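Architecture and fold: a report
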Protein chains: 2
Amino acid sequence: MEWITDSRILIVGLGLMGGSYAKALKRLGFHVTAIDTDPAAIDFALSHHLVDRGFTQAEPQVISESDAVIFALYPTVFRRWIGENQQYFHPGTMLTDVTGVKSCVVYDIQSMLRPGVEFIPAHPMAGRERSGVQASDDKIFRGANYIVTPTDKNTPEGIEWCKGLGRILGFEHIAVMSPEEHDQMIGFVSQLTHCIAVSLMTCTDNAHLAEYTGDSFRDLTRIARINDLMWSELFLMNKQELLRQMDIFLREFRTLRDLLETEDRDALREKMRLSTRRREQFDVEPR
Amino acid sequence: MEWITDSRILIVGLGLMGGSYAKALKRLGFHVTAIDTDPAAIDFALSHHLVDRGFTQAEPQVISESDAVIFALYPTVFRRWIGENQQYFHPGTMLTDVTGVKSCVVYDIQSMLRPGVEFIPAHPMAGRERSGVQASDDKIFRGANYIVTPTDKNTPEGIEWCKGLGRILGFEHIAVMSPEEHDQMIGFVSQLTHCIAVSLMTCTDNAHLAEYTGDSFRDLTRIARINDLMWSELFLMNKQELLRQMDIFLREFRTLRDLLETEDRDALREKMRLSTRRREQFDVEPR
């Protein structure tokens, strides 16, 4: 399937991501339908012209007439939805998603689908500090990463189709990696950093220090404002990998602590120089 | 002593902070002299009109004719300099500094001084990612915090004089606290955060992940580019307090890790909600 504007697109789940996908695709001229159990989300999307049609239930007729379906649900809801409704897809329907963890959902979903329906998993690495369809904004894709995480069940055509979606949405950097590589990467660059930010906010009652926090403390804790429902689920669904990363960080932090306790100035400085060299590369690296 | 422009000001140490103080005070019309052992720093300051006069040695004549002296040296160098030169100050000379740790230097310095010479310690919480007099910029004081950390050896007049310096330099928020309160605060909002950023960069060889790092990872590691000579000294000179803070953070991070391992979703979510509530306060708090 090509990304031609007479394709009928169904978006399941109208939160921030589902709404932002809808907004972008509608602007590009596609016919966009949405399903969300929350009538207020559907009303908002209709009145703001993010979608052409909206339903609060999984209507078999609507599902079967879709050419492409984009899932923007929490992982557990996503699995349940596929289990209950996959029989309504017509052969040739292309599916993708926005889920932030991969290994724990991708294989399950693919094994549930009838033959002829292909699910190509993707993770758009974009977001905002606010959630909900009301915060939808298709500008969040600009300059962001879009990761396609196929398995050996996917076809080259399916992978190209999924990359094409990233391109038309306006993502800057489109990459392909396995679900396992994705979960390792996201465990480090996103989940571990959120664990650190949360721990830094919760370890001490720091309210009286608010007026003395400079940019560095504010930078480190910006992501400590966190949607607890979504992030607890993302952490739990990437548990083994995130635990592994947390243990690596714990060991390293403890090493630094012990170097300070034993006053090993040379080794402390060597850690700082390594840190500086690595961080410098991040600033020169073209994104 | 009032901050009147016929005061003769001596700045000892022409790095980023010494240079930025010089630039601001010269612009305000003061007569500014600098001492730095590096001839290149003096040449730069003279040719860029940051100072009126510059010397590469601690000239007794220059020291004795100064009304106010500002020390912008590493803590160990600062102590040695006072030990060697404090006899040249004339009675009534006012001293202050920019040192980022307090308890470990303030009492030593005050106990070395002859009667009639008052040292009022201060910490301007401003800086840049670059160092050296060449990076001097008096705009770094705007919107920043300036902390005066007096002891019971200081006079009310001395404390007012020191706060007045913060005001004329353009700091937004001027506070007074004890050296111990300062070191506790700075251990948390600055040193602990630098330890976390460094550990995050050194715990894994992450060069191949550079292209996938979004804003959150970049925010958390911005301060991982670090002047190893200065920061190792600051860490070591605030060792007991920083160790205490590192241990509190370690315990909290390990608790979060264990909640993940035991899949205690409710407790994970409660941590995230606490983190969110505390971080929200930081954004509404007037600075």
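Above this note sits the structure.
Since this is a predicted model, take the numbers as computed values, not measurements. (Residues numbered from 1 in each chain as written. Chains lettered and ligands numbered in written order. Predicted model: local features only at pLDDT ≥ 70, side-chain atom pairs only at ≥ 80, totals over all residues. Heavy atoms only, no water.)

Describing the overall build of chain A
Scanning chain A from terminus to terminus reveals 11 helices and 9 strands. Overall, chain A is about 70 × 40 × 35 Å in size when its C-alpha atoms are taken along their principal axes. Burial status across chain A gives 58% buried among its 287 residues. Accessible surface, chain A: about 11500 Å² in total, of which carbon and sulfur atoms supply 48%. In chain A, the 32 positive side-chain charges and the 41 negative ones have mean positions that sit 3 Å from each other. (Helix = DSSP H or I, 4+ residues; strand = E, 2+ residues; numbered from the N terminus. Buried < 20%, exposed > 50% of the residue type's maximum accessible area, 1.4 Å probe, protein only. Areas by Shrake-Rupley, 256 points an atom, 1.4 Å probe, with all protein chains shown as cover. Lys, Arg positive; Asp, Glu negative; His and termini not counted. Charge placed at Lys NZ, Arg CZ, Asp CG, Glu CD.)

Thoughts on the sheet that holds strand 7 (residues 122-125) of chain A
Residue and element names in this part refer to chain A. In spatial order, the strands read 7-8-9; together these 3 strands make up an open sheet with mixed pairing. The open sheet is flanked by strand 7 and strand 9 (173-176), the only strands paired with a single partner. Looking at each pair of strands side by side, their axes are set apart by 15 degrees on average, direction ignored. As paired strands, strand 7 and strand 8 (residues 145-148) are joined by 4 bridges and run antiparallel to one another. Pairing of Ala 122 across the sheet is with Val 148, part of strand 8. Docked against the sheet, helix 7 (residues 179-202) engages strand 7 and strand 8, running at close to 20 degrees with respect to strand 7. (Pairing = 2+ DSSP bridges. Axes fitted to C-alpha atoms, helices over the stretch in contact; angles between N-to-C directions. Contact = heavy atoms within 4.5 Å.)

Looking at the pattern of salt bridges
Overall, the coordinates contain 46 salt bridges over all chains when judged by the stated rule. Between Glu 270 of chain A and Arg 277 of chain A there is a salt bridge, with its nearest N and O atoms 3.8 Å apart. Judged by relative accessible area, Arg 277 of chain A falls into the partly exposed class, the value being 45%. The residue Lys 163 of chain B makes a salt bridge to Glu 160 of chain B at a minimum N-O spacing of 3.6 Å. Pair noted here: Lys 163 of chain B and Glu 160 of chain B are both in helix 6 (residues 156-169), with a separation of 3 residues, about one helical turn. Linked by salt bridges that have partners in common, Asp 228 of chain A together with Arg 269, Glu 270, Arg 273 and Arg 277 of chain B make up one network. (Salt bridge = Lys/Arg side-chain N within 4 Å of Asp/Glu carboxyl O.)

Description of unusual backbone geometry
For Glu 263 of chain A, which is not a glycine, the phi torsion comes out positive at approximately 55 degrees. Examined against the element boundaries, Glu 263 of chain A turns out to sit in the loop between helix 10 (239-261) and helix 11 (265-284).

Quick word on the packing of helix 5 (residues 103-112) of chain A against helix 7 of chain A
Residue and element names in this part refer to chain A. The geometry of helix 5 relative to helix 7 is characterised by a closest axis approach of 9 Å and an angle of 155 degrees between their N-to-C directions. On the basis of their axis angle, the class for helix 5 and helix 7 is roughly antiparallel. Mapping the contact onto sequence places Ser 103, Cys 104, Val 106 and Tyr 107 in helix 5 and Pro 179, Glu 180 and Asp 183 in helix 7. Taken together, the residues that form the contact of helix 5 with helix 7 break down as 4 nonpolar, 1 polar and 2 charged. (Parallel < 35°, antiparallel > 145°, perpendicular 65-115°, else oblique. Nonpolar A, V, L, I, M, F, W, Y, C, P; charged D, E, K, R; others polar.)

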